[in-house]
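Understanding the architecture of this molecule
Here's the letter readout for the chains.
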Amino acid sequence: MTSARNSLLVIVGLLLLWQLAYWAIGDLALRPPLETVVKAGALIASEGFLSHLAETLRAFALALAIAVVVGVALGFSLGMNRLAGEVGEPLLVSFYSLPKITLYPIVLLIFGIGMPSKVAFGAIHGIMPIAIFTLGALRNLPPVLGRTSRALRLTRWQSAWALLFPAARPEIFTGLRLGFSLTLIGTLLGEMFASQRGIGFLLMQAIGLHDTDLIMVLTLLIVSFAITASMALLAIDKQLRHGSS
Amino acid sequence: MKPATTVRLGLITAIVLALEILTRIGVIARFVAPPPSEMMVGLWRLLLSGRVHLAITQTLSKIAIACSLAIVVGILMGVAIQRFRGLADAMSPFFTAYYAVPVYAFYPMMIAIFGIGEAPQIVIGFMLAVVAVVVNTINALDRIPRVLRKTAAVYGMRPLEAARRIYLPHAGPYLATGVKLAVSYSFIGVIGAEFIMSRIGIGHEIVFAYNNFENEIMYPLILFVLLVAGAVNGLFYAWEKRLLSRRSRS
């Protein structure tokens, strides 16, 4: 359990840095960790917060589901054909690295303000890393798998489902970890710009009002959620890799 | 030209043509997206008019500063962290989670610390970009085989000399990945920060046009950002590919 202990040490280190930063910068723009945690408890207990939280979680879950399904499907359809992969990969990579925030006026014009916009915004952030990792995973598979599927006369569906997917699963899962984080930030950004509800909306409001308390609390909640989820996914990732080797 | 490149260009042309036709016959409403040809003409006119020159130079120089800072600091941090195996392992889940942190939330704090002006936007771009460089530097150093380290020791090289003659040539392509990501993240960070609040810059111009329903300015500007970011990223992508292919030949 040294990894758990190390993670704990990193968390303590981060809290320490935060406290030091507070002492260095002062009340102007920061709040100390302890005060933020106490305020976070108060915010969670406060009326109406849970409905914002539920809204964000719903949007995030939907966006993640879309990102995973479309990303994996895209990765497979490009990864199972050499020419399609060569044609598609640079396109995927360049779309991945565009500042997607510039697209928000267009997303807004298409989907309007509200749930569909946030989901779309989250999904377009998450699809590309998942697709790129899936494509890479399929390309790195040993060629013997392709020969096996030909020898067994599997159809494309059968070979994708029974052979390629299990073999590529650990790599795909790594892409999924990154996709998870990016979908979360995409959903939150969507809420900041294109919504009247949700955590991102609360954050944008707090930014507008210079409400440092609220900014700190919300950031802490988002970061804790992201770190917890990332650790859980990493643990599953490790298990998948050990199980497969 | 390679067949894949031809097919790719054909695909892009087909998509643009389809958009053009769909917008011309009105399947896609004009306020959602004007035809691509009009966007290009609009962009050309906008660039000629000089109305956005200041915003463009401002934004691009902010991106350049944020990116170069992130590369230098990120490589130094990566080298430092990689020396301690346990620390690098322990920080790995935090690096993945980092991208879920809405860095823009710290914007008001940045303004309080650095004042109103360009500095907060540069810091946001830097914060987004630096972690990608750190992660890829650690990754690059991890991939140096033990035998190369031994070679350096056998020749009695000083650390700097070993870095220049052995480690850097070997780790180059992976470092290039970090540099490439730093470029795109500093684009995302700086322009995103300009979106939220600033008085100058491309991001600000886009929001301003959006709020005033000036589609004939907004779309050309979005197109401009996408073209510039796409071109710069494409260059770095090709550079990384070349480094990697040179490696596999040797």
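Predicted, not measured: the structure shown is a model, and the values here were computed from it.

1. Considerations on the overall build of chain B
Secondary structure assignment for chain B yields 10 helices and 0 strands. Ordered by position from the N terminus, the helices and strands of chain B form the series α-α-α-α-α-α-α-α-α-α. Oriented by its inertia axes, the alpha-carbon framework of chain B measures out at about 70 × 55 × 30 Å. Among the 250 residues that make up chain B, the fraction classed as buried is 50%. Long-range contacts, defined here as pairs at least 24 residues apart, represent 71% of the contacts in chain B between residues at least 6 apart.

2. Notes on the confidence of the model for chain B
When pLDDT is averaged across chain B, the result is 83; 98% of the residues are at 70 or more. Per-element averaging of pLDDT across chain B places helix α5 (residues 107-114) of chain B at the bottom with 76 and helix α3 (residues 53-82) of chain B at the top with 90.

3. Observations concerning a nonpolar patch on the surface
A surface patch of nonpolar side chains, about 460 Å² in accessible area, is lined by A:L14, A:L17, A:L20 and A:W23. Tracing the backbone through its elements, the reader meets A:L17 in helix α1 (residues 2-25).

4. What to know about empty space enclosed by the protein
Evaluated as defined, the whole model comprises 2 cavities of 30 Å³ or more. By volume, the largest cavity is sized at about 290 Å³. Contributing to the lining of the largest cavity are 20 residues, with A:H125, A:L182, A:I185, B:Y185 and B:I188 lying nearest its centre. When residues of the lining of the largest cavity are traced back to their parent elements, those giving at least two are α8 (156-194) of chain A together with α8 (159-196) of chain B. In terms of residue count, the dominant contributor to the lining of the largest cavity is α8(B) (4 residues). Of the residues in the lining of the largest cavity, the class split is 16 nonpolar, 3 polar and 1 charged. Considered as a void within the structure, the second largest cavity measures approximately 40 Å³ in volume. Forming the walls of the second largest cavity are A:Y104, A:V107, A:L108, A:S117, A:F121, A:L189, A:G190, A:F193 and A:A194. Of all the secondary structure elements, the ones that give two or more residues to the lining of the second largest cavity are α5 (104-111), α6 (115-139) and α8 of chain A. When residues in the lining of the second largest cavity are grouped by element, the largest group, 4 residues, is from α8(A). By residue class, the composition of the lining of the second largest cavity is 7 nonpolar, 2 polar and no charged.

5. Quick notes on the nonpolar core
Residues B:Y104 and B:Y185 are the most contacted members of the largest nonpolar core, which totals 137 residues. The element contributing the most residues to this core is α8(A), with 16 residues.

6. Observations concerning the environment of B:Y210
Mapped onto the secondary structure, B:Y210 falls in helix α9 (residues 202-211). Since its relative accessible area comes to 22%, B:Y210 is described here as partly exposed. Discounting chain neighbours no more than four positions away, the residues touching B:Y210 are A:Y104, A:P105, A:L108 and B:M218.

7. Concerning the layout of surface pockets
Within this model, the second largest pocket holds a volume of roughly 1500 Å³. Surrounding the second largest pocket, 39 residues form its lining, A:L14, A:L17, A:W18, B:Y98 and B:F106 being those nearest its centre. Those elements that provide at least two residues to the lining of the second largest pocket are α1 and α10 (212-244) of chain A together with α3, α4 (85-98), α5 and α6 (119-142) of chain B. Among the residues forming the lining of the second largest pocket, the class breakdown is 36 nonpolar, 3 polar and no charged.

8. A look at the interface of chain A and chain B
Interface size is commonly expressed as the accessible surface area that is lost when the partners come together. The interface is formed by 53 residues belonging to chain A together with 50 residues belonging to chain B. Contact with chain B buries area across many residues of chain A, yet A:P99, A:T102 and A:L109 alone supply 12% of it, more than any other trio. For the pair chain A and chain B, the number of links is 0 salt bridges. Inspection of the chain A/chain B interface yields 3 residue pairs in polar contact (both at pLDDT 80 or more).

9. Some details on the packing of aromatic side chains
Tallying each qualifying case throughout the model produces 8 aromatic pairs over all chains. The ring of A:F95 carries A:K100 above its face, with NZ or CZ at 5.6 Å from the centroid.

How each quantity is defined
Residues numbered from 1 in each chain as written. Chains lettered and ligands numbered in written order. Predicted model: local features only at pLDDT ≥ 70, side-chain atom pairs only at ≥ 80, totals over all residues. Heavy atoms only, no water. Helix = DSSP H or I, 4+ residues; strand = E, 2+ residues; numbered from the N terminus. Buried < 20%, exposed > 50% of the residue type's maximum accessible area, 1.4 Å probe, protein only. Contact = heavy atoms within 4.5 Å. pLDDT = per-residue confidence, 0-100. Patch = residues over 30% accessible without salt bridge, like charges linked within 9 Å, V, L, I, M, F, W, Y side chains within 5 Å. Areas by Shrake-Rupley, 256 points an atom, 1.4 Å probe, with all protein chains shown as cover. Salt bridge = Lys/Arg side-chain N within 4 Å of Asp/Glu carboxyl O. 1 Å grid on protein atoms, 1.4 Å probe; cavity = no way out; pocket = protein on both sides within 12 Å on 5 of 7 lines; lining within 4 Å. Points joined across faces, edges and corners; volume = space filled by probe spheres on them. Nonpolar A, V, L, I, M, F, W, Y, C, P; charged D, E, K, R; others polar. Core = buried A, V, L, I, M, F, W, Y, C linked by side-chain atoms within 4.5 Å. Buried area = accessible area lost by both parts, 1.4 Å probe. Polar contact = N/O pair within 3.5 Å; in protein donor to acceptor, adjacent residues only side chain to side chain. Phe/Tyr/Trp six-rings, centres within 6.5 Å; stacked < 30°, edge-to-face > 60°. Lys NZ or Arg CZ within 6 Å of the ring centre and 35° of its normal.

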